[in-house]
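An overview of the molecular structure
Listed below, chain by chain, are the residues.
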Amino acid sequence: MEQEKYVVTKEQLMLDLMLLAEGIFEGELGQSGGGLLISFTNGQQFRIAVEEVA
């Protein structure tokens, strides 16, 4: 089976990460500064950023 060439955009990848995170993390999800912002009830916040390197 031959593998097809396809292009993934940053926006598509961010949406997929957000959908996955909703099922994994107990916290609020949002977008901030072009990244995924996860805010936990203990006050911690994390931003996951996606940038194409090549």
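Residues numbered from 1 in each chain as written. Predicted model: local features only at pLDDT ≥ 70, side-chain atom pairs only at ≥ 80, totals over all residues. Heavy atoms only, no water.

What follows deals with the overall build of the protein. Within the protein, the regular secondary structure consists of one helix and three strands. Secondary structure of the protein in N-to-C order comes out as α-β-β-β. For 54 residues, the compact-globule estimate of 2.2 N^0.38 gives 10 Å, and the C-alpha radius of gyration of the protein, at 14 Å, exceeds that figure by more than 25%. In terms of overall dimensions, the protein has C-alpha extents of about 50 × 25 × 10 Å along its principal axes. Taken across its 54 residues, the protein has 15% of its residues classed as buried. A sequence separation of at least 24 residues applies to 15% of the contacts in the protein between residues at least 6 apart. Entry remark: accessible area of the protein is about 4900 Å², with carbon and sulfur atoms responsible for 53%. (Helix = DSSP H or I, 4+ residues; strand = E, 2+ residues; numbered from the N terminus. Rg over C-alpha atoms; globule rule 2.2 N^0.38 Å. Buried < 20%, exposed > 50% of the residue type's maximum accessible area, 1.4 Å probe, protein only. Contact = heavy atoms within 4.5 Å. Areas by Shrake-Rupley, 256 points an atom, 1.4 Å probe, with all protein chains shown as cover.)

Before going further, it helps to examine a nonpolar patch on the surface. A contiguous nonpolar patch, built from Tyr6, Val8 and Leu13 and spanning about 320 Å² of accessible area, is present on the exposed surface. On the secondary structure map, Leu13 appears in helix 1 (residues 10-24). The class of Leu13 is partly exposed, set by a relative accessible area of 34%. (Patch = residues over 30% accessible without salt bridge, like charges linked within 9 Å, V, L, I, M, F, W, Y side chains within 5 Å. Salt bridge = Lys/Arg side-chain N within 4 Å of Asp/Glu carboxyl O.)

The final tally for this structure, using the stated rule, is one salt bridge. Residue Lys10 pairs with Glu51 through a salt bridge whose shortest N-O separation is 3.0 Å. Placement of the pair is Lys10 in helix 1 and Glu51 in the segment after strand 3 (45-49), with a sequence separation of 41 residues. Relative accessible area serves as the criterion here: at 31%, Lys10 is assigned to the partly exposed category. Take Glu51: its relative accessible area is 59%, and that puts it in the exposed class.

Sheet strands pair via backbone hydrogen bonds, and the direction of the pair is either parallel or antiparallel. Pairing is antiparallel across the open sheet formed by three strands, whose spatial order is 1-2-3. In this open sheet, the two edge strands, each paired with only one partner strand, are strand 1 (27-32) and strand 3. Averaged over neighbouring strand pairs, the angle between their axes works out to 25° when direction is ignored. (Pairing = 2+ DSSP bridges. Axes fitted to C-alpha atoms, helices over the stretch in contact; angles between N-to-C directions.)

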